[in-house]
Structure formats: C-alpha cells, structure tokens
Amino acid sequence: RKEGDMHKKRETCNHNSSLSRHTTKVICLKWVDRRGMVGHFTGEVNSMIQPHGKGILVYENGLVLDCNWCNGTPSAGSTP
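1. Details of the nonpolar core
Point 1. Of all hydrophobic cores here, the largest spans 9 residues; its members are V26, W31, F41, V45, L57, Y59, L65, C67 and W69.
Point 2. Put simply, the parts of the chain that give this core at least two residues each are β1 (24–32), β2 (38–45), β3 (51–59) and β4 (64–70).

2. Considering the side chain of D33
Point 1. Structurally, D33 is set in the loop between β1 and β2.
Point 2. Looking at D33, the relative accessible area reads 13%, which means it is buried.
Point 3. Within polar-contact distance, the side chain of D33 engages the backbone nitrogen of R35 at 2.9 Å.

3. Some details on the sheet that holds strand β5 (residues 73–74)
Point 1. Taken together, 5 strands build an open sheet; the order of strands is β1-β2-β3-β4-β5 and the sheet is antiparallel. The open sheet terminates on both sides in strands that have one partner only, identified here as β1 and β5.
Point 2. Here β3 pairs with β4 via 6 bridges, running antiparallel. By the bridge assignment for β4, G53 is matched with W69.

4. With respect to the pairing of β1
Point 1. Pairing between β1 and β2: 7 bridges, direction antiparallel. Paired with L29 across the bridge in β2 is F41.

5. Regarding the pattern of salt bridges
Point 1. In this structure the tally under the stated criterion is 2 salt bridges.
Point 2. Notably, a salt bridge pairs D33 with R35, separated by 3.1 Å at the nearest N-O pair.
Point 3. Under the relative-accessibility criterion, R35 is labelled exposed at 56%.
Point 4. With its nearest N and O atoms 2.8 Å apart, the salt bridge here joins D66 to K54. With a gap of 12 residues between them, D66 in strand β4 and K54 in strand β3 connect regions that are remote in the sequence.
Point 5. For D66, a relative accessible area of 46% corresponds to the partly exposed category.

Here is what the cut-offs are and how they apply
- Residues numbered from 1 in each chain as written.
- Predicted model: local features only at pLDDT ≥ 70, side-chain atom pairs only at ≥ 80, totals over all residues.
- Heavy atoms only, no water.
- Core = buried A, V, L, I, M, F, W, Y, C linked by side-chain atoms within 4.5 Å.
- Buried < 20%, exposed > 50% of the residue type's maximum accessible area, 1.4 Å probe, protein only.
- Helix = DSSP H or I, 4+ residues; strand = E, 2+ residues; numbered from the N terminus.
- Polar contact = N/O pair within 3.5 Å; in protein donor to acceptor, adjacent residues only side chain to side chain.
- Pairing = 2+ DSSP bridges.
- Salt bridge = Lys/Arg side-chain N within 4 Å of Asp/Glu carboxyl O.

Written as structure tokens, this is what we have:
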C-alpha cells in the first residue's frame, strides 16, 4: 500500500436502505447536482425521487453523465 491509501474511505452504496429498496424508472426528471448544475435525468430513482441505479443525466450545457447512482450521487469517478 502507498502511504495515504490507508486513510482513503471507500464509498459504498447501501442498496438495502429503506430509501433504495424499491426503484422506479423516470424519463426526463429535472435534476440539480451538488454543484448546482441543472439537467434532466432518465433512469431509476429511489422512493425520495433521487437518481438510484442505472441512469443518464443530460446537463443543460450538453454534457452527459451515464453511470450508476446511489441516492442522488453518481458513482465514484463519474464526471460529466
């Protein structure tokens, strides 16, 4: 292991939480990411209508993010 690797926390998605047990598919859901960028999401959402599972976010500026989501957060390493 490299120095500093021991301090990195691996992010995991709790797919068994009450929020994420049941998913529904949506088309063109308006979504604002953590940076305030606006787009439209198509894919699976959890009971709180947050992207959860496989989905695509098309930002208003034309960037596309096609990845897995966990309770409104794109999978690690996903950037538009």
